[in-house]
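Observations on the model geometry
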Number of protein chains: 2
Amino acid sequence: MIIIAEKLNGSIPSCAKAIADRDANYIREFAKKQADVIEGVEAGGFIDVCSSVKEGEFEAMQWMLDLVREVTDCPISVDSPDVNVCIKGMQYLEEKYGDKKGLFNSVSGEGNKFDAAFPILAKNKWDVMILLCDDTGIPKTAAKRIEVFDAAMQKAKEYGIADSRIHIDPLIEMLCTSEDGIAMVVEVMSHIKKNHPKVHISGAVSNISFNLPVRKLVNIAFTVLAMNAGMDSGVLDPLNQDLMGVIFATESLLGMDEMCMEYIGAYRAGIFGQKK
Amino acid sequence: MIIIAEKLNGSIPSCAKAIADRDANYIREFAKKQADVIEGVEAGGFIDVCSSVKEGEFEAMQWMLDLVREVTDCPISVDSPDVNVCIKGMQYLEEKYGDKKGLFNSVSGEGNKFDAAFPILAKNKWDVMILLCDDTGIPKTAAKRIEVFDAAMQKAKEYGIADSRIHIDPLIEMLCTSEDGIAMVVEVMSHIKKNHPKVHISGAVSNISFNLPVRKLVNIAFTVLAMNAGMDSGVLDPLNQDLMGVIFATESLLGMDEMCMEYIGAYRAGIFGQKK
């Protein structure tokens, strides 16, 4: 599982406060803690950096990027709904730190986002997160999301962006208003896995449990089912030890970890099951 | 999910001590606590009673059965590897308490177990747990377990035991020595579900995590995957709140709980997410 570590995000109240107060220690601390976990995961991952600031979004991101780079070389995910902020963030990391790896998070079928981002991504090796929405918003059906996916893959092909660099967020929506559970999103995942096995299936795991009590249990159960459907990348909290342990356990159960060597190794490394 | 509540079992050290000391309060306490959870589960369940005593196994079971019946009317699972002890336990509950419902736990393809148990089960409405092993032991392959299953179903049919009364334990083995995860047992489950959709797929969930650290996380991940493969019955600890919450969450995710009403109801009833 590729970990896209979610804790440095201005949409989280404590992180928003740290950004507003320019509390450098907060940023460094969570960058380091998350990087430590990512280092212990075979598939690796990215530290997501999203300032979520209305005025001066890029300046805030830049401040965060420098702090992350003070404490770790872990690849970074530059995260903004604004493609231009992602471009600036990526170019900043390439120029100042020579980052050859990272995640452009994100583009979607909205407006001209593909045409704005893909020509630049065509020139480097960064990964890219694609959200399966378009100008009509979040499609209600699997068929429509698959249509957005197919169009995105066509565009990526035109620009020579390899499948293995692409992460798809099929858009995980809250379970509490669903009449058929996660059947629709599993259908989208199955289509992706079948037709583009090298594309990474990703998503923001905790969206599933919005408005429900004891969210962590819903997140855990969803993660297991999504991994079974092909999810191999996820925006999640690597400091949530139970979730991390369940991810390692699921990889073992799905036959991706012979004799549970990775599971046992991650436990010994303190990624789960231990008070730190 | 049909809950087969596992805590009254002489193979658990604290319960073995309670049986040896004839500590009636211990038995009553766990009978009541488990029954309270089972009452809150739509599919219901059974309180498993297994004395696991070498000498006087039935007498110890009888003592336990009376104590359980002092505190609850919840259906009981009479549990012994000895078919005759199960028969005696079932008949004791039928005669003394008029129990029309219960679980005969278990029979298997070993020796003449089917022919010993099925004629008696043909006369009542009790459920029966069938283990997919035979005189050769625990079959190594899915094909061989399916063979035992098919033979068992043929026998059950001869005796007029309906599919809906049958729980199959496909034999969950420890993950730590597996090279391909749970692929084999999932194959067995898929065969059962496809060919006999009314048969309950069951098993002892915690066997999966034997010899691994942080067993609860492996048990949870396994339970989710097994439910996805069709498991709808399980020998498990209903007092494990995280496991119970994950079971309710998984039912919602699999589309069996519209708008999460059962999940939310179980949370409100204190089955998970609350310190009791």
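Heads up: these notes are all about the structure in this document. Worth saying up front: this structure is predicted, and the values here are computed from it rather than measured. (Residues numbered from 1 in each chain as written. Chains lettered and ligands numbered in written order. Predicted model: local features only at pLDDT ≥ 70, side-chain atom pairs only at ≥ 80, totals over all residues. Heavy atoms only, no water.)

Thoughts on the pairing of strand E3 (residues 76–79) of chain A
Residue and element names in this part refer to chain A.
- Alternating positions in E3 separate into two faces, Ile-76 and Val-78 on one and Ser-77 and Asp-79 on the other, with burial throughout.
- As judged from the three bridges shared by strand E2 (residues 45–49) and E3, these two strands associate in the parallel manner. Bridged to Asp-48 within E3 is Ser-77.
- For the crossover that starts at E2, traverses helix H3 (residues 57–71) and ends in the parallel E3, the hand is right-handed.
- Examined bridge by bridge, E3 and strand E4 (residues 102–109) share four bridges and lie parallel to one another. In the sheet register, Asp-79 faces E4, and the bridge partner there is Asn-105.
- In this fold, E3 hands off to helix H4 (residues 83–97), which returns the chain to E4; that crossover is right-handed. (Buried < 20%, exposed > 50% of the residue type's maximum accessible area, 1.4 Å probe, protein only. Helix = DSSP H or I, 4+ residues; strand = E, 2+ residues; numbered from the N terminus. Pairing = 2+ DSSP bridges. Right-handed = clockwise from strand over helix to strand, strands pointing away.)

Overview of the sheet that holds strand E4 (residues 102–109) of chain B
Residues and elements named next belong to chain B.
- Ordered by their spatial adjacency, eight strands build an open sheet running E7-E6-E5-E4-E3-E2-E1-E8, and the pairing between neighbours is parallel. The two strands at the open ends of the sheet, each matched to only one other strand, are strand E7 (200–201) and strand E8 (233–236).
- Packed on one face of the sheet, helix H6 (residues 142–158) meets strand E5 (127–134) and strand E6 (166–169) and runs near 140° to E5. (Contact = heavy atoms within 4.5 Å. Axes fitted to C-alpha atoms, helices over the stretch in contact; angles between N-to-C directions.)

Structural notes on the relation of the copies chain A and chain B
- Superposition record for chain A on chain B: RMSD 0.0 Å, screw rotation 180°, translation along axis 0.0 Å. Here the symmetry operator amounts to a two-fold rotation axis.
- A symmetric contact is evident, with 100% of the interface residues of chain A recurring at the interface of chain B. (Least-squares fit on C-alpha atoms with pLDDT ≥ 70 in both.)

Brief notes about empty space enclosed by the protein
- For the structure on display, the rule yields one cavity of 30 Å³ or more.
- For the largest cavity, the calculated volume is near 40 Å³.
- Lining of the largest cavity is provided by Lys216(A), Leu217(A), Ile220(A), Asp242(A), Lys216(B), Leu217(B), Ile220(B) and Asp242(B).
- If you list the elements that add at least two residues to the lining of the largest cavity, you get helix H8 (215–228) of chain A together with helix H8 (215–228) of chain B.
- The residue makeup of the lining of the largest cavity, split by class, is four nonpolar, no polar and four charged. (1 Å grid on protein atoms, 1.4 Å probe; cavity = no way out; pocket = protein on both sides within 12 Å on 5 of 7 lines; lining within 4 Å. Points joined across faces, edges and corners; volume = space filled by probe spheres on them. Nonpolar A, V, L, I, M, F, W, Y, C, P; charged D, E, K, R; others polar.)

Some words on the interface of chain A and chain B
- Tallying the contact residues gives 39 residues for chain A and 39 residues for chain B.
- Between chain A and chain B, the buried area comes to about 3,100 Å², and carbon and sulfur atoms account for 76% of it.
- The largest per-residue losses of area from chain A upon contact with chain B belong to Leu217(A), Leu225(A) and Leu253(A), which jointly make up 22% of the total buried on that side.
- Applying the counting criterion to the chain A and chain B interface returns two salt bridges.
- As a salt-bridge pair, Asp242(A) and Lys216(B) come within 3.8 Å of each other at their nearest N and O atoms. (Buried area = accessible area lost by both parts, 1.4 Å probe. Salt bridge = Lys/Arg side-chain N within 4 Å of Asp/Glu carboxyl O.)

Some details on the layout of surface pockets
- Considered as a void within the structure, the largest pocket measures approximately 880 Å³ in volume.
- Lining the largest pocket are 37 residues, with Asn9(B), Asp79(B), Ala204(B), Asn207(B) and Val235(B) positioned closest to its centre.
- When contributions to the lining of the largest pocket are tallied by element, the ones reaching two or more residues are E4, E5, H8 and E8 of chain B.
- In terms of residue class, the lining of the largest pocket is made up of 16 nonpolar, eleven polar and ten charged.
- Lining the second largest pocket are 30 residues, and of these Asn9(A), Asp79(A), Asp169(A), Ala204(A) and Asn207(A) lie nearest its centre.
- Broken down by class, the residue content of the lining of the second largest pocket amounts to 13 nonpolar, ten polar and seven charged.

Observations regarding helix H5 (residues 113–121) of chain A
Residues and elements named next belong to chain A.
- Taken as a whole, H5 has its buried residues at Lys-113, Phe-114, Ala-117, Phe-118 and Leu-121. When H5 is viewed along its axis, its buried side chains cluster within an angular range of 100° and face the same direction.
- Each element contacted by the buried residues of H5 is listed here: H4, E4, strand E5 (127–134) and helix H6 (142–158). (Arc of directions from axis to C-beta.)

With respect to the pattern of salt bridges
Residues and elements named next belong to chain A.
- On inspection of all chains with the given rule, the structure shows 26 salt bridges over all chains.
- Residue Asp-237 pairs with Lys-7 through a salt bridge whose shortest N-O separation is 3.3 Å. Placement of the pair is Asp-237 in the loop between strand E8 (233–236) and helix H9 (241–253) and Lys-7 in the loop between strand E1 (2–5) and helix H1 (13–20), with a sequence separation of 230 residues.
- Here Lys-96 makes a salt bridge to Asp-66, at a shortest N to O gap of 3.2 Å. Residue Lys-96 is found in helix H4, and its partner Asp-66 is found in helix H3; the two are separated by 30 residues along the sequence.
- Accessibility expressed as a relative area gives 48% for Lys-96, which makes it partly exposed.
- One connected set of salt bridges, linked through shared partners, spans Asp-134, Lys-144 and Glu-147.

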